[in-house]
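Summary of structural features
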Amino acid sequence: AQSVTQLDSQVPVFEEAPVELRCNYSSSVSVYLFWYVQYPNQGLQLLLKYLSGSTLVESINGFEAEFNKSQTSFHLRKPSVHISDTAEYFCAVSGSGGSEKLVFGKGTKLTVNP
Amino acid sequence: NAGVTQTPKFQVLKTGQSMTLQCAQDMNHEYMSWYRQDPGMGLRLIHYSVGAGITDQGEVPNGYNVSRSTTEDFPLRLLSAAPSQTSVYFCASKTGVGTEAFFGQGTRLTVV
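These numbers come from a predicted model, not from an experiment.

So, the pattern of salt bridges
Residue and element names in this part refer to chain A. If you walk through the whole model with that rule in mind, you get six salt bridges over all chains. Between Glu 20 and Arg 77 there is a salt bridge, with its nearest N and O atoms 2.8 Å apart. Separated by 57 residues along the polypeptide, Glu 20 in strand 3 (residues 19-21) and Arg 77 in strand 9 (residues 73-78) bring together distant segments of the chain. For Arg 77, a relative accessible area of 28% corresponds to the partly exposed category. With a closest N to O distance of 2.9 Å, Lys 78 and Asp 85 form a salt bridge. In the salt-bridge network here, residues are joined through shared partners; they are Glu 20, Glu 66 and Arg 77.

Structural notes on the sheet that holds strand 1 (residues 4-7) of chain B
All names here are of chain B. The sheet built from four strands is open, its strands ordered 1-3-8-7 with antiparallel pairing. Edge strands, defined here as strands with exactly one partner in the open sheet, are strand 1 and strand 7 (64-66). Each strand of the sheet is rotated relative to its neighbour by a mean of 20°, with strand direction disregarded. Pairing of strand 7 with strand 8 (residues 76-78), which is carried by three bridges, proceeds in the antiparallel orientation. In the strand pairing of strand 8, Val 66 is matched with Leu 76.

Observations concerning the pairing of strand 11 (residues 107-111) of chain B
All names here are of chain B. Side chains of strand 11 alternate between two faces, with Thr 107, Leu 109 and Val 111 buried and Arg 108 and Thr 110 left unburied. As defined by bridge partners, strand 2 (residues 10-13) adjoins strand 11 across four bridges and the pair is classed as parallel. Note on strand 11: the bridge partner recorded for Val 12 is Thr 110. The pairing of strand 9 (residues 87-94) with strand 11 spans three bridges and is antiparallel. What sits directly across from Val 88, in strand 11, is Arg 108.

Some thoughts on the layout of surface pockets
Of the voids in this model, the largest pocket is the one considered here, and its volume is about 720 Å³. Lining the largest pocket are 31 residues, and of these Gln 38, Asn 41 and Glu 88 of chain A together with Gln 37 and Arg 108 of chain B lie nearest its centre. Counting only elements with at least two residues in the lining of the largest pocket, the list comes to strand 10 (87-94) and strand 12 (108-113) of chain A together with strand 4 (31-38), strand 9 and strand 11 of chain B. When its volume is computed, the second largest pocket comes out at roughly 360 Å³. Forming the walls of the second largest pocket are 20 residues, and the residues nearest its centre are Gln 2, Val 103 and Phe 104 of chain A together with Leu 45 and Glu 59 of chain B. Secondary-structure elements contributing two or more residues to the lining of the second largest pocket are strand 1 (3-6) and strand 11 (103-104) of chain A together with strand 5 (42-51) of chain B. Ranked by the residues each element gives to the lining of the second largest pocket, the list is headed by strand 5 of chain B, at three residues. Partitioned by chemical class, the residues of the lining of the second largest pocket number nine nonpolar, seven polar and four charged.

Details of the side chain of Ser 87 of chain B
All names here are of chain B. Its location among the elements puts Ser 87 in strand 9. Taking relative accessible area as the criterion, Ser 87 reaches 7% and is therefore assigned buried. A distance of 2.8 Å separates polar atoms of two side chains, one belonging to Ser 87 and the other to Asp 38.

Some remarks on the interface of chain B and chain A
Each side of the interface is counted separately: chain B has 22 residues, and chain A has 23 residues. Summed over both partners, the interface of chain B with chain A comes to about 1,700 Å²; 57% of that surface belongs to carbon and sulfur atoms. Where chain B touches chain A, the interface holds zero salt bridges. Put simply, chain B and chain A have three residue pairs in polar contact (both at pLDDT 80 or more) between them. Elements that contribute at least two residues to the side of chain B that touches chain A include exactly strand 4, strand 5 and strand 9 of chain B. No other element matches the five residues that strand 5 of chain B contributes to the side of chain B that touches chain A.

What counts, and where the lines are drawn
- Residue positions are counted from 1 within each chain, in the order its sequence is given.
- Chain A is the first chain written and ligand 1 is the first ligand written, with later ones labelled in order.
- With the structure being a predicted model, the display of local features is reserved for residues of pLDDT at least 70 and the display and counting of side-chain atom pairs for 80 or more, all residues being used for whole-chain, interface and lining totals.
- The side-chain values count all of the structure's non-hydrogen atoms but skip hydrogen atoms and water molecules.
- The rule for a salt bridge is simple: a side-chain nitrogen of Lys or Arg has to be within 4 Å of a carboxyl oxygen of Asp or Glu.
- Secondary structure follows DSSP: runs of H or I at least 4 residues long count as helices, runs of E at least 2 residues long count as strands, and numbering of each begins at the N terminus.
- When a residue's accessible area, from a 1.4 Å probe over protein chains only, is under 20% of the maximum for its type it is buried; when over 50% it is exposed; and in between it is partly exposed.
- In this description, strands pair whenever DSSP reports at least two bridges between them.
- Axis geometry follows a simple rule: fit a line to the C-alpha atoms, using only the stretch in contact for helices, then measure angles between N-to-C directions, giving values from 0 to 180 degrees.
- Points on a 1 Å grid, built from protein atoms alone, make a cavity when a 1.4 Å probe fits but cannot get out and make a pocket when they are open with protein on both sides within 12 Å along at least 5 of 7 lines; residues with an atom within 4 Å of a point are the lining residues.
- Grid points are joined across faces, edges and corners, and a volume is the space filled by probe spheres set on the points.
- Ten residue types, Ala, Val, Leu, Ile, Met, Phe, Trp, Tyr, Cys and Pro, are classed as nonpolar, four, Asp, Glu, Lys and Arg, as charged, and the remainder, Gly among them, as polar.
- What qualifies as a polar contact is a pair of N or O atoms within 3.5 Å, subject to a donor-acceptor requirement within protein and to the restriction that residues adjacent in sequence count only when both atoms come from side chains.
- What makes two residues a contact is simply this: any of their non-hydrogen atoms within 4.5 Å.
- We define buried area as the total accessible area lost by two parts upon association, computed with a 1.4 Å probe and summed across both.

Following this line, the structure appears as structure tokens:
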């Protein structure tokens with residue numbers, strides 16, 4: 001069965017500082033990996049995804065994530081955060097054994113302080 | 001396109017009452033799913049469907065029923081509401097394995 005572990009439930013940082021949100025997954029077969037973002041009182045939006053190919057994937061707003069198969073990790077990074085990045089971030093996995101089920105981690109609440 | 005539409009946005013139920021949370025999508029997606037979101041628990045899968053007439057249980061299915069008579073609609077039924085079902089419920093749809101899931105705005109349900 002697929003599972004996702006997000007190692008930090010809350011991450012406070014100052015504006016313009018770098019940030020890394022950690023995600024590990026468990027699956028013995030190839031999977032697809034996603035990061036979703038949830039702004040307050042809204043639904044989830046896709047931030048970026050890894051399907052195959054280059055292990056480094058980027059979003060349009062400066063986030064990037066690197067797929068590491070040996071460490072079964074998909075950590076999310078941004079070199080310089082803004083106040084507007086304050087949100088909850090969810091790592092998710094699907095595709096194990098052809099399963100369409102999308103399994104989420106428990107989320108990391110990123111708070112960017114001025 | 002409206003995307004994924006959930007109704008109602010807010011609902012208060014008394015213990016033992018029944019209700020249906022509605023979910024509709026206009027993107028012709030085959031795969032639809034229901035999640036509940038609770039503080040510190042992330043999103044947990046309740047039920048999902050890979051196409052009209054096909055449904056299956058997720059991680060936390062007890063107390064919930066679903067059906068999928070059309071591609072567009074995937075209602076979630078609470079047969080006898082309990083306080084433990086107080087949560088925010090999200091419906092999502094996608095085209096297939098490895099594709100982006102689109103989420104509704106959520107239904108905030110309180111059971112008293």
